[in-house]
Amino acid sequence: MLYELINWLEVNYQPPGFGAFEFITTRAAVAAAMALFISIMIGRQIITWLEQMQLREVIRDDIGLDTHLGKAHTPTMGGIIILLAVLIPALLWMRMDSIYTWMIILVTLILGIVGFVDDYIKVVKKDKSGLSGRLKIAGQVSVGLLLGCVLYFWPDFQEFNTLTTVPFLKNVNIDYAFLGEALGWVIYIPVVIFVITAVSNATNLTDGLDGLAAGTSAIAGLILGIFAYVSGRTDFSSFLNIMYLPGAGELTIFSASLVGACMGFLWYNTYPASVFMGDTGSLAIGGAFGALGLMLHKELLLPVVCGIFFMETLSVIIQTTYFKYTRRKYGEGKRFFLMAPIHHHFEKKGWPESKIVVRFWIIAVLLGILGLLTLKLR
């Protein structure tokens, strides 16, 4: 909205310096700085309000980690800080006439609301199970269905709507229209639903240690922002031999806002955390990553760029599968890891929480670099 105002002033009055806001890089930088400022400035007020409302983290008695029992009085639902810090700069600096703008904001906002309801039931209604699994999945599926229908049927997406890039392979794309162009949606829309559901849940699983989800999200957001920028430019996309996606550059601004918001949230979320993001933040961030991957036709790259989230989810799948297998075979279930998700495994091994988080950040940086290298290593 602010971009439209500045653009109108530039066209009609040519004030000095206003032309710089035509560039995506300028708007992305301003959005990131604004998101960082908002999250730090309003963070303390929101944390104080959460404390006054006694909206504190609910720690399950059976978690098996005594060190986490002391976190029971830490305010949760801090994802409100992230949502405000992401959405305000995005709405101000992204183009309002872009379908990319509205879809990424809708996905983030709706899943943030789903997460908020889950947190509300846990901390206000004192129901540790939170929102029922069926209702949570229903919310994620609904968001995926909405996004899938828009990406498939919206005229601006018709040229590449069922194509996706295969990482590390040159000039190789997967076309989801296995059943023909007329029935392409039969495969594509379920894929979108799966990606949105999987990535949002994976981010939610990662939010288990102070600063872990926020830090890794900032890193993944930066990488996806770079992909959005090069995909939205004819010169870079031609040089890198990737799909040119007109208008996708606007997603760079959203990614920059997400990075700034997560970095600002870390001001309060690093060990020992003053606030937790809760499902309000983790589901919204995960949904945003899934939507970014799909809109950039890079969803097959998400297990690399969002590799920490993928690793956390894989550890839970391995743990559950192995436990069921050994119980069926030996009559007693055994665990592959000391505890899942995998960050708890390292806690059980005696690693300090801060060391686990920083090491996971380092791995996230390495995976992000690997993701960028796929632009040339093909």
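Now for a description of the structure that goes with this document. Residue numbers here run from 1 along each chain, matching the order of that chain's written sequence. In keeping with the model being predicted, local features are shown solely for residues with a pLDDT of at least 70 and side-chain atom pairs are shown and tallied solely at 80 or more, while totals for entire chains, interfaces and linings include all residues. As a rule here, side-chain values cover all heavy atoms of the structure and leave hydrogens and water aside.

**Description of the overall build of the protein chain**
Reasoning step 1: Strands are runs of DSSP state E lasting at least 2 residues, helices are runs of H or I lasting at least 4, and numbering of each runs from the N terminus. Across its full length, the protein chain holds 14 helices and 2 strands.
Reasoning step 2: Each radius of gyration is computed over the set of C-alpha atoms, and the globule rule expresses the reference value as 2.2 Å times the number of residues to the power 0.38. Taken over the C-alpha trace, the protein chain has a radius of gyration of 21 Å; the compact-globule value for 378 residues is 21 Å, and the two agree within 12%.
Reasoning step 3: Along the first, second and third principal axes, the C-alpha set of the protein chain runs to 70 × 50 × 35 Å.
Reasoning step 4: Each residue is placed in one exposure class: buried if its accessible area under a 1.4 Å probe, protein chains only, is under 20% of its type's maximum, exposed if it is over 50%, and partly exposed if it falls in between. Counting every position in the protein chain, which comprises 378 residues, the buried fraction comes to 51%.
Reasoning step 5: In this description, contact between two residues means that some pair of their heavy atoms is separated by no more than 4.5 Å. Pairs at least 24 apart in sequence give 74% of the contacts found in the protein chain among residues at least 6 apart.
Reasoning step 6: Areas reported here follow the Shrake-Rupley algorithm with a probe of radius 1.4 Å; residue values treat only the protein chains shown as occluding. About 17,200 Å² of surface is accessible on the protein chain, with carbon and sulfur atoms providing 67% of the total.
Reasoning step 7: Just so you know, the count uses Lys and Arg for positive and Asp and Glu for negative, and it drops His and the chain ends. For this purpose, a charge sits on NZ of Lys, CZ of Arg, CG of Asp or CD of Glu. Across the protein chain, 27 positive and 26 negative side-chain charges occur, with their mean positions spaced 10 Å apart.

**A look at the side chain of Thr 165**
Reasoning step 1: Summarising the element assignment, Thr 165 is placed in strand E1 (residues 163-165).
Reasoning step 2: Residue contacts for Thr 165: discarding those within four places in its chain leaves Val 172, Asn 173, Met 243, His 297, Lys 298 and Leu 300.

**With respect to helix H2 (residues 24-52)**
Reasoning step 1: Every helix has an expected span of 1.5 Å times one less than the residues it contains. The end-to-end C-alpha distance of H2 is 40 Å, a good match for the 42 Å that 29 residues give at a rise of 1.5 Å each.
Reasoning step 2: At Gly 43, H2 shows its strongest bend, of approximately 40°.
Reasoning step 3: Turning to H2, the residues buried within the fold contact helix H1 (2-13), helix H3 (79-93), helix H7 (212-231) and helix H9 (250-269).
Reasoning step 4: One or two steps after H2, the chain reaches Gln 54, where phi turns positive at roughly 55°. What is called the bend at a residue is the angle between a pair of axes, fitted to the seven residues leading up to and ending at it and to the seven starting from it.

**Brief notes about the packing of helix H5 (residues 133-153) against helix H6 (residues 184-206)**
Each pair of packed helices gets described by two things: the angle between the helix axes and the distance between those axes.
Reasoning step 1: Here an axis means a line fitted to C-alpha atoms, over the contact stretch when the element is a helix, while the angle between two N-to-C directions is reported on a 0 to 180 degree scale. At a minimum axis distance of 8 Å, the contact between H5 and H6 shows a crossing angle of 135°. In terms of axis orientation, H5 runs oblique to H6. Crossing hand, H5 versus H6: right-handed.
Reasoning step 2: Each residue is assigned to one class: nonpolar for Ala, Val, Leu, Ile, Met, Phe, Trp, Tyr, Cys and Pro, charged for Asp, Glu, Lys and Arg, and polar for all the others, Gly among them. The residue inventory of the contact of H5 with H6, partitioned by class, reads 15 nonpolar, 8 polar and 1 charged. Comment on the angle field: the value is read as roughly parallel under 35 degrees, roughly antiparallel over 145, roughly perpendicular from 65 to 115, and oblique elsewhere. Two helices cross in a left-handed way if the nearer one is turned anticlockwise from the farther one by less than a right angle. They cross in a right-handed way if the turn is clockwise.

**A short note on the side chain of Gln 140**
Reasoning step 1: Position of Gln 140 relative to the elements: it lies in helix H5.
Reasoning step 2: Classification of Gln 140 by relative accessible area gives buried; the value is 0%.
Reasoning step 3: Only 2.9 Å separates the side chain of Gln 140 from the side chain of Ser 200, close enough to count as a polar contact. By the criterion applied in these results, polar contacts are pairs of N or O atoms within 3.5 Å in which, for protein atoms, one can donate a hydrogen and the other can accept it, and in which residues neighboring in sequence qualify only through two side-chain atoms.

**Description of the nonpolar core**
Reasoning step 1: The set of buried Ala, Val, Leu, Ile, Met, Phe, Trp, Tyr and Cys residues whose side-chain atoms join them within 4.5 Å is what this entry labels a nonpolar core. Residues Ile 104, Leu 147, Ile 196, Leu 251, Phe 254, Phe 289 and Met 295 are the most contacted members of the largest nonpolar core, which totals 89 residues.
Reasoning step 2: Other than its neighbours up to four places away in sequence, Ile 104 contacts Met 94, Leu 251, Phe 254, Ala 288, Ala 291, Leu 292 and Met 295.
Reasoning step 3: Grouped together as the second largest cluster of nonpolar side chains are 11 residues, Ile 308, Ile 356, Val 357 and Phe 360 included.

**Topic: the pattern of salt bridges**
Reasoning step 1: Criterion for a salt bridge: a side-chain nitrogen of Lys or Arg within 4 Å of a carboxyl oxygen of Asp or Glu. Applying the stated criterion across every chain yields a total of 7 salt bridges.
Reasoning step 2: Its salt-bridge partner being Arg 95, residue Asp 97 comes within 2.9 Å of it at the nearest N-O pair.
Reasoning step 3: The shortest N-O distance in the salt bridge between Lys 122 and Asp 279 comes to 3.7 Å. Placement of the pair is Lys 122 in helix H4 (residues 99-123) and Asp 279 in helix H10 (residues 278-295), with a sequence separation of 157 residues.
Reasoning step 4: The partly exposed category is assigned to Lys 122, whose relative accessible area is 21%.
Reasoning step 5: Taken together, the salt bridges that share partners define one network made up of Asp 118, Lys 122, Lys 136 and Asp 279.

**Considering the packing of aromatic side chains**
Both the distance between ring centres and the angle between the ring planes are used here to describe each pair of aromatic rings.
Reasoning step 1: Any two rings among Phe, Tyr and Trp, with Trp reduced to its six-membered ring, count as a pair given centres within 6.5 Å; such a pair is stacked if its planes are under 30 degrees apart, edge-to-face if over 60, and tilted if neither. Here the structure, examined in full by the defined rule, presents 13 aromatic pairs.
Reasoning step 2: Considering the side-chain rings of Tyr 152 and Phe 153, the 4.7 Å spacing of their centres and the 85° angle between planes classify their relative orientation as edge-to-face.
Reasoning step 3: With relative accessibility at 8%, the residue Tyr 152 sits in the buried group.
Reasoning step 4: Overall, the relative accessible area of 48% leaves Phe 153 in the partly exposed class.
Reasoning step 5: Seen in terms of ring centroids, Tyr 176 and Tyr 188 are 5.8 Å apart; in terms of plane orientation they differ by 45°. Their pairing is tilted. In this pair, Tyr 176 is assigned in the loop between strand E2 (173-175) and H6 and Tyr 188 in helix H6, connecting sequence segments 12 residues apart.
Reasoning step 6: The side chain of Arg 359 reaches across the aromatic face of Trp 351, ending 4.7 Å from its centre.
Reasoning step 7: Two thresholds decide whether a charge sits over a ring: the Lys NZ or Arg CZ must be within 6 Å of the ring centre and within 35 degrees of the ring normal. The ring centre of Phe 239 lies 4.7 Å from the NZ or CZ of Lys 376, which sits over that ring.

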